[in-house]
Each structure stands twice: as structure tokens, then as C-alpha cells.
Amino acid sequence: KYTGVEIDDYDVTTMRTVLLEGARWGHKEVVDFAIDHGADIHWTDSYDMNVCHHAAAMNLDNGVILEQMIAHFGTLHHTVTPLNNKCVHAKDYYGQTPLHHAAARGHSGTVTLLLESGANADAKDAKGKTARDLATGWFSNHDDVLAALDAHKTKQKRARKNKRRAEKQKREAATKQQQAKQATK
């Protein structure tokens, strides 16, 4: 006896579930419903795109669903650092991450969200293309995405420089402390 549909039933052609379609078309209520009813957030469609790929690519809700999914993946996987968030780093059939999809379509706010969540701006797809390459492709030139990528790179350089400076100061303080100990002997 047929009792209805299951939350993870999918279209046989696209292999998209209710969760993927909700994320794709920016329907937060649908996404919330699917998650509340046990939808598999790891499900991928026929192109190996997960919920984060779809939310980043279409961006019909200005990143609300993507931000929710990044947080959900982090909680589910006990993410301590953005570097191991499976939502941000997942690759589709073409080796593209959600960052590739957002950059190619000119979604600068989504690009910024992904970068702040630990996305690798230097990740290459199966053809060796980075998000920057896709933002400057033959069919697009998304200056706002390029600015977001540049700002992130500058921020990373500054953070590395500050970290090196702090490590140097720590070493110098330890040396001074050691010298002071030896002087009192």
C-alpha cells in the first residue's frame, strides 16, 4: 500500500531531493521542513552537487540557506574549525566547490560568506580552474567577486604576518626571561 513520499525521495533524472530543490530555489521553509523531518544533508544529485552547492549557485535568498547549512554541517560533524566543514569543501562531479559556483555567477556576498567559513580560494576544479578564474571567464567578469577574493587574500596575508610577529615577540620574551634567570644566578 502506498503511503506517500519519503523525505529523501528524489527525481530519477536529476536525483534532487526536496532538500536540494529547496536550497536551489531559495525556499528556506522547505529546507527547514526537510531537515526537521530527517532529510539526508549529505545527499548529492546526479552531478554530485550537495545542498551547499545549490544554495551557493542560485543564491536566491542572499546566502541565508547556505549560512544555515554551513552551521548545520559544522554542528553535525562537531566542526572545531572551518577547515573541516564538509559543506564548504565538497566537490561536485566537475571538481567544483560551492565557492566556484558562487564566483562564476557573481554572488560576491556568498563568496565572502564561503571564504569566511574556510573555503579555499585556491582550490582547483577538474580543469585546473580556481574561483577567480571562473569569475573572470569568457562569459563573465565579476569585479565585486574579484574584490572579495582580493580582500580575503589581503586579510590572510595580514593574519599570517601578525602571527609571525606574535611568535617572534613570544620568542624574544622567552629569551629575555631566560637571560634574566641566568643573570640572577
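Right above here is the structure, for reference.
The sections below set out a description of the structure shown in this document. (Residues numbered from 1 in each chain as written. Predicted model: local features only at pLDDT ≥ 70, side-chain atom pairs only at ≥ 80, totals over all residues. Heavy atoms only, no water.)

To continue, consider the pattern of salt bridges. Evaluated as defined, the whole model comprises 4 salt bridges. Here Arg16 makes a salt bridge to Asp45, at a shortest N to O gap of 3.5 Å. Here Asp45 lies in the loop between helix H2 (28-36) and helix H3 (51-58) and Arg16 lies in the segment before helix H1 (18-24), a separation of 29 residues in the sequence. Between Arg132 and Asp150 there is a salt bridge, and its shortest N-O distance comes to 2.2 Å. Taken as a pair, Arg132 in helix H8 (residues 131-135) and Asp150 in helix H9 (residues 143-184) lie far apart in primary sequence, 18 residues in all. Taking the relative accessible area as the measure of exposure, Arg132 reaches 31% and is therefore partly exposed. According to the relative accessible area criterion, Asp150 is partly exposed, its value standing at 37%. (Salt bridge = Lys/Arg side-chain N within 4 Å of Asp/Glu carboxyl O. Helix = DSSP H or I, 4+ residues; strand = E, 2+ residues; numbered from the N terminus. Buried < 20%, exposed > 50% of the residue type's maximum accessible area, 1.4 Å probe, protein only.)

Membership of the largest hydrophobic core comes to 35 residues, with the highest contact counts inside it found for Leu19, Val51, Leu66, Met69, Leu99, Val111 and Leu114. By residue number, the principal contributor to this core is helix H4 (residues 64-76), which donates 5 residues. Aside from chain neighbours lying at most four places away, what touches Val111 is Leu99, Ala102, Ala103, Val145, Ala148 and Leu149. (Core = buried A, V, L, I, M, F, W, Y, C linked by side-chain atoms within 4.5 Å. Contact = heavy atoms within 4.5 Å.)

What follows deals with the side chain of Arg16. Its relative accessible area of 17% is what places Arg16 among the buried residues. Once you skip the residues sitting within four places of it in the chain, Arg16 turns out to touch Asp9, Tyr10, Asp11, Glu21, Arg24, Asp45 and His54.

As a further point, take the packing of helix H7 (residues 108-116) against H9. Contact geometry of H7 with H9 gives a least axis separation of 8 Å together with a crossing angle of 20 degrees. On the basis of the axis angle, H7 is roughly parallel to H9. Handedness of the H7/H9 crossing: right-handed. For the pair H7 and H9, contact is made by Ser108, Val111, Thr112 and Leu115 and by Asp144, Val145, Ala148, Leu149 and His152, respectively. Classifying every residue of the contact of H7 with H9 by side-chain character gives 5 nonpolar, 3 polar and 1 charged. (Axes fitted to C-alpha atoms, helices over the stretch in contact; angles between N-to-C directions. Parallel < 35°, antiparallel > 145°, perpendicular 65-115°, else oblique. Left-handed = near helix turned anticlockwise from the far one by under 90°. Nonpolar A, V, L, I, M, F, W, Y, C, P; charged D, E, K, R; others polar.)

A separate point is unusual backbone geometry. The phi dihedral of Met15 is positive, around 60 degrees, even though this residue is not glycine. On the secondary structure map, Met15 appears in the segment before H1. Residue classification places Met15 among the partly exposed residues on the basis of a relative accessible area of 28%. One non-glycine residue with positive phi stands out, namely Asn59, at about 50 degrees. By the secondary structure assignment, Asn59 is in the loop between H3 and H4.

With that settled, consider the environment of Leu60. Considering the arrangement of structural elements, one finds Leu60 in the loop between H3 and H4. Residues Leu60 and His27, 33 residues apart in the sequence, show an inter-C-alpha distance of 8.4 Å. Not counting residues within four places of it along the chain, the set of residues in contact with Leu60 comprises Arg24, Trp25 and Gly26.

Purely spatial values, then, with no claim about function.
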